[in-house]
Amino acid sequence: MMKKIISVLFAVIVIALSCSASFGVAAKQIDASKLKGTEINVYNWGEYISDGAEGTLDVNKEFEKETGIKVNYTTYDSNENMYNKIKGGGANYDIVIPSDYMIERMINEDLLEKINFDNIPNYKNIMPKYKNLYFDPKNEYSVPYNVGMVGLVYNTKMVEGTPDSWSIMWDEKYKGQVLMFNNSRDAFGIAQFLLGIDINTTNVQDWEKAYEKLKEQKPIVQSYVMDDVFNKMEGGEAAIAAYYAGDCISMAENNPDLAFVYPKEGTNIFVDSICIPKGCQNKEAAELYINFMLRDDIALANAEYMCYATPNQAVLDNEEYSLRDNEMLYPDEEHTPPTEYFHNLDSEMLMLMTTLWDNLKIEGNNDRSVYIGLITFAVIVIVYFIYRTIRKKKRESMY
């Protein structure tokens, strides 16, 4: 509730600043007037932009108001789903916001456009430690948007004590109360951290060990989730989930029984960045949008709403930023867990991971709804053929 109150007050301040600042630095670089009436297609994670909910600033509407460019906004729930959509060519997007390892893959496969940084003067706000990262070492294809780590969110009314290890997600005591990531990279990463295996290993046996660990966990898992983790954890439908720290802060605001911890074995750290897909239809407008997202007031609105760590120095320097001292987002050295970035895997390892993941999801599937559906379908088919046979015999008897 406190976050929402702060957000409402903050939105009023931001709008006032926006009106006085016009379109900021971006207008000096790109003539927005010539783009008025055009459109951009933005493809982003769910719950990943300040959208006007409960009085917060609607970032996309603010961009439309200032530029006259219409924003067509759709969401995805995993890097892999986004990649498949882009790779399949089923839709054209001007903006996507993947994670580091997926950006590396998309660069390697020539799926991203180089950005004209002359059109992104607000790039100066990005902290040096988030530039020249391994996935885009020359800063050509991406602009950092958010930073985060994966951890455990748990219900203090349902879990005994304070967990400190990924192993709790394998604890029989919580059978049917555990939520696991519904994407292969994050799920395998947790098993690998628990086993002390390099999350970027190229050893087939290492992947098979992680697979066996996930198979061991499967009977304990209530369901494999992405965005539906919010409703389940906030509603007390599950006791434990692995998820991204920023989202866990949001969950805890809606359910005060929830707490968060980084497991001692270590965790994935990630940088999600704004990119322009190859063949985009409105590149100048996309670059205008990127610059807009880096502007002090807009970046602050997003940081407050999403509760992720920001790579934007202007936000961290702003005394109005309510999360600047949050230990979950910005832990000191003593409380920072061992971290490792996901890297893009070669084609052989990607195929192996995908195959193992598919096997995991299919093998031993005890989803009663699946079986009921199959049985129902079989009954319908049998009844249909019986009906056809009876009608045929009746027609024959008439002649």
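Each remark here, short or long, concerns the structure printed above.
For the structure given in this document, a descriptive report is provided here. (Residues numbered from 1 in each chain as written. Predicted model: local features only at pLDDT ≥ 70, side-chain atom pairs only at ≥ 80, totals over all residues. Heavy atoms only, no water.)

### Considerations on the sheet that holds strand E3 (residues 95-96)
Strand order in the open sheet formed by three strands is E2-E1-E3, and the pairing between neighbours is parallel. Pairing within the sheet leaves two strands with one partner each, and these edge strands are strand E2 (70-76) and E3. Judged from the seven bridges that link them, strand E1 (residues 39-45) and E2 form a sheet pairing that is parallel. Residue pairing across strands places Trp-45 opposite Tyr-76, the latter belonging to E2. Of the strands in this sheet, E1 and E2 touch helix H3 (residues 59-67), which is tilted by about 160 degrees from E2. Strands in contact with helix H4 (residues 79-88) are E1, E2 and E3; relative to E1, the strand with the most contacts, it is inclined by about 145 degrees. (Pairing = 2+ DSSP bridges. Helix = DSSP H or I, 4+ residues; strand = E, 2+ residues; numbered from the N terminus. Contact = heavy atoms within 4.5 Å. Axes fitted to C-alpha atoms, helices over the stretch in contact; angles between N-to-C directions.)

### As for the environment of Tyr-174
As for its placement among the helices and strands, Tyr-174 is situated in the loop between strand E4 (143-155) and strand E5 (178-181). The buried category is assigned to Tyr-174, whose relative accessible area is 4%. It is 8.8 Å that separates the C-alpha atoms of Tyr-174 and Met-158, two residues lying 16 residues apart in sequence. Every residue in contact with Tyr-174, bar those within four places of it in the chain, is listed here: Met-158, Val-159, Glu-160, Ile-168, Ile-220 and Ile-240. (Buried < 20%, exposed > 50% of the residue type's maximum accessible area, 1.4 Å probe, protein only.)

### A look at the packing of H4 against helix H5 (residues 100-108)
At a minimum axis separation of 10 Å, H4 and H5 run at an interaxial angle of 20 degrees. When the interaxial angle is binned, H4 and H5 end up roughly parallel. The interaxial crossing formed by H4 with H5 has right-handed handedness. Taken together, the residues of H5 that come into contact with H4 (itself represented by Asn-79, Glu-80, Met-82, Tyr-83 and Ile-86) are Tyr-101, Met-102, Arg-105 and Met-106. Here the residues of the contact of H4 with H5 sort into six nonpolar, one polar and two charged. (Parallel < 35°, antiparallel > 145°, perpendicular 65-115°, else oblique. Left-handed = near helix turned anticlockwise from the far one by under 90°. Nonpolar A, V, L, I, M, F, W, Y, C, P; charged D, E, K, R; others polar.)

### Notes on the packing of aromatic side chains
Here the structure, examined in full by the defined rule, presents 24 aromatic pairs. Look at Tyr-101 and Phe-342: their rings are 5.6 Å apart centre to centre, the planes differ by 80 degrees, and that puts the pair in the edge-to-face class. On the criterion of sequence distance, the pair formed by Tyr-101 in helix H5 and Phe-342 in the loop between strand E10 (339-340) and helix H13 (347-362) is long-range, its members being 241 residues apart. For Tyr-101, a relative accessible area of 8% translates into the label buried. Given a relative accessible area of 3%, Phe-342 falls into the buried group. Ring-pair connections join several aromatic residues into one group, and the members of that group are Tyr-43, Trp-45, Tyr-48, Tyr-76, Tyr-93, Tyr-145, Phe-181, Phe-230, Tyr-243, Tyr-244, Phe-270 and Tyr-308. (Phe/Tyr/Trp six-rings, centres within 6.5 Å; stacked < 30°, edge-to-face > 60°.)

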